[in-house]
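# Structural features, examined
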Amino acid sequence: MTPERETTSAAVVPFGVSHRSRLGEVYARHAPEGIRLAYLLTGDRALAEDLVQEAFLRFVGRLHFVRNPDAFEGYLRRTIVNLCKNHFRHRAVERSYLARHAGQVVEGRADPDVPTYETIRAALLALPVRQRAAIVLRYYEDLPEGQIAEILGCRPATVRSLIARGIEALRQIPEVLT
Amino acid sequence: MNSDDDVRRFLDRMAAEPGYGSVDPAPVLARAHRRLARTTSVLGLAGVTLVAAIVMLGPNLLQASPAPAPAVPAAAVATTPQVARITCLGHGRSHLDSTTVAVQSDGLHVAIIQDHPGRRGQVFIRRSGWMVSVGFSDPDHTRFRTVPSVGARVHHVAIGCIDPSIVGSSTPREFHRLTLVHP
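Presented here is a report on the structure given in the accompanying data block. (Residues numbered from 1 in each chain as written. Chains lettered and ligands numbered in written order. Predicted model: local features only at pLDDT ≥ 70, side-chain atom pairs only at ≥ 80, totals over all residues. Heavy atoms only, no water.)

### Here we look at the overall build of chain B
The condition that has to hold: Starting at the N terminus, helices and strands are each numbered in turn, a helix being any DSSP run of H or I of at least four residues and a strand any DSSP run of E of at least two. Relative accessible area decides the class of each residue, using a 1.4 Å probe on protein chains only: under 20% of the type maximum gives buried, over 50% gives exposed, and in between gives partly exposed. Throughout, a contact is declared for two residues whenever any of their heavy atoms are within 4.5 Å.
Helices and strands together make up the secondary structure of chain B, namely 2 helices and 9 strands. Going from the N terminus to the C terminus, chain B shows its helices and strands as α-α-β-β-β-β-β-β-β-β-β. For chain B, the proportion of its 183 residues judged to be buried stands at 33%. A fraction of 55% describes how many contacts in chain B between residues 6 or more apart in sequence connect residues 24 or more apart.

Given below as structure tokens:
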């Protein structure tokens, strides 16, 4: 997680008082961060925004069942990951999506740094969604393995395996190794 | 990408790819409240429908549900409070006889109805481990027989048909188990 991102405690908003404005404040505070996470998982900004909005809608629908409003950040992160997994559940959707992104890699190689970046980007998006989510949650969100396991619904050992296989797959690309 | 820091740097760079302006929560909040209202109204409507259905149909369902009957063996073909009619399908050379059994205050009233004129068959009742021969079907008419009540209110009986022309341990028999209740 980048240092400039706000911590959970700073984002705590008491629910119940001036309900609507508080909800708006929570959304405005957390949405950009959620969109970045969703973008890393999908590589598609429009889709990322849709997923974050959907996650927020679900949160509002379950507001009465949320015992700890401080946990909103965790709830948002978990919902985004689950929504991404659902989105890529159908292999056909994922395949066509990856093919579309793979086609974008060839374009625009003027900058010497761009090929490597674009190649890594394409390689990341080509990973299975669980591996991608594990890598993003570990290296971008800086979450411990236990928390990642909770979000992905698996054991910590599985998380280690997912990360190791994902990183190994990224290293298979020649440009990445150089 | 050879170290964890490389991965972190790459992810931070990729996360910063799309330029994010300020997020306007108003449309999302409006959408959230619309969805909440829709969910609430659908659930409320379903609840009201369910309650109305229970109120309207509940008493009828309660009245229509039969009184719990005593346990009946699996082979039961008829269960009725007072009257049962069975048909012996017969085995081999045995024939078909219809038997109507009614429980009255003085015992079981059994009517052996001749379905196949010209042939004879025996009808018997097994009750409390004892087999009581009700009699033979008459070739010409229906025969009535009363088996005295032994004071029980509920009778678990097995009614069987047999062709008396076949004698021996392998004589085909057919039992119909049923439960009859005194009026």
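### Concerning the interface of chain A and chain B
Our working definition: Two parts placed together each lose some accessible area; with a 1.4 Å probe, that loss summed over both constitutes the buried area. By definition, a salt bridge exists where a carboxyl oxygen of Asp or Glu is found within 4 Å of a side-chain nitrogen of Lys or Arg. Polar contact is the term for a pair of N or O atoms within 3.5 Å; when the atoms are in protein, one must be able to donate a hydrogen and the other to accept it, and sequence-neighboring residues count only if both atoms are side-chain atoms. Polar here means any residue other than Ala, Val, Leu, Ile, Met, Phe, Trp, Tyr, Cys and Pro, which are nonpolar, and Asp, Glu, Lys and Arg, which are charged; Gly is therefore polar.
Counting from both sides, the interface comprises 39 residues of chain A and, opposite them, 27 residues of chain B. Buried surface at the junction of chain A and chain B, summed over both partners, amounts to about 3,300 Å²; 66% is from carbon and sulfur atoms. At the junction of chain A and chain B, the tally comes to 2 salt bridges. As a salt-bridge pair, Arg35(B) and Glu54(A) come within 2.9 Å of each other at their nearest N and O atoms. The tally of links from chain A across to chain B stands at 4 residue pairs in polar contact (both at pLDDT 80 or more). Elements with a contribution of two residues or more to the side of chain A that touches chain B: helix H1 (19-42), helix H2 (45-61), helix H5 (113-126), helix H6 (129-139), helix H8 (156-171) and helix H9 (174-177) of chain A. The dominant element in the side of chain A that touches chain B, judged by the number of residues it contributes, is H1(A), at 11 residues. Within the side of chain A that touches chain B, the residues separate by chemical class into 23 nonpolar, 5 polar and 11 charged.

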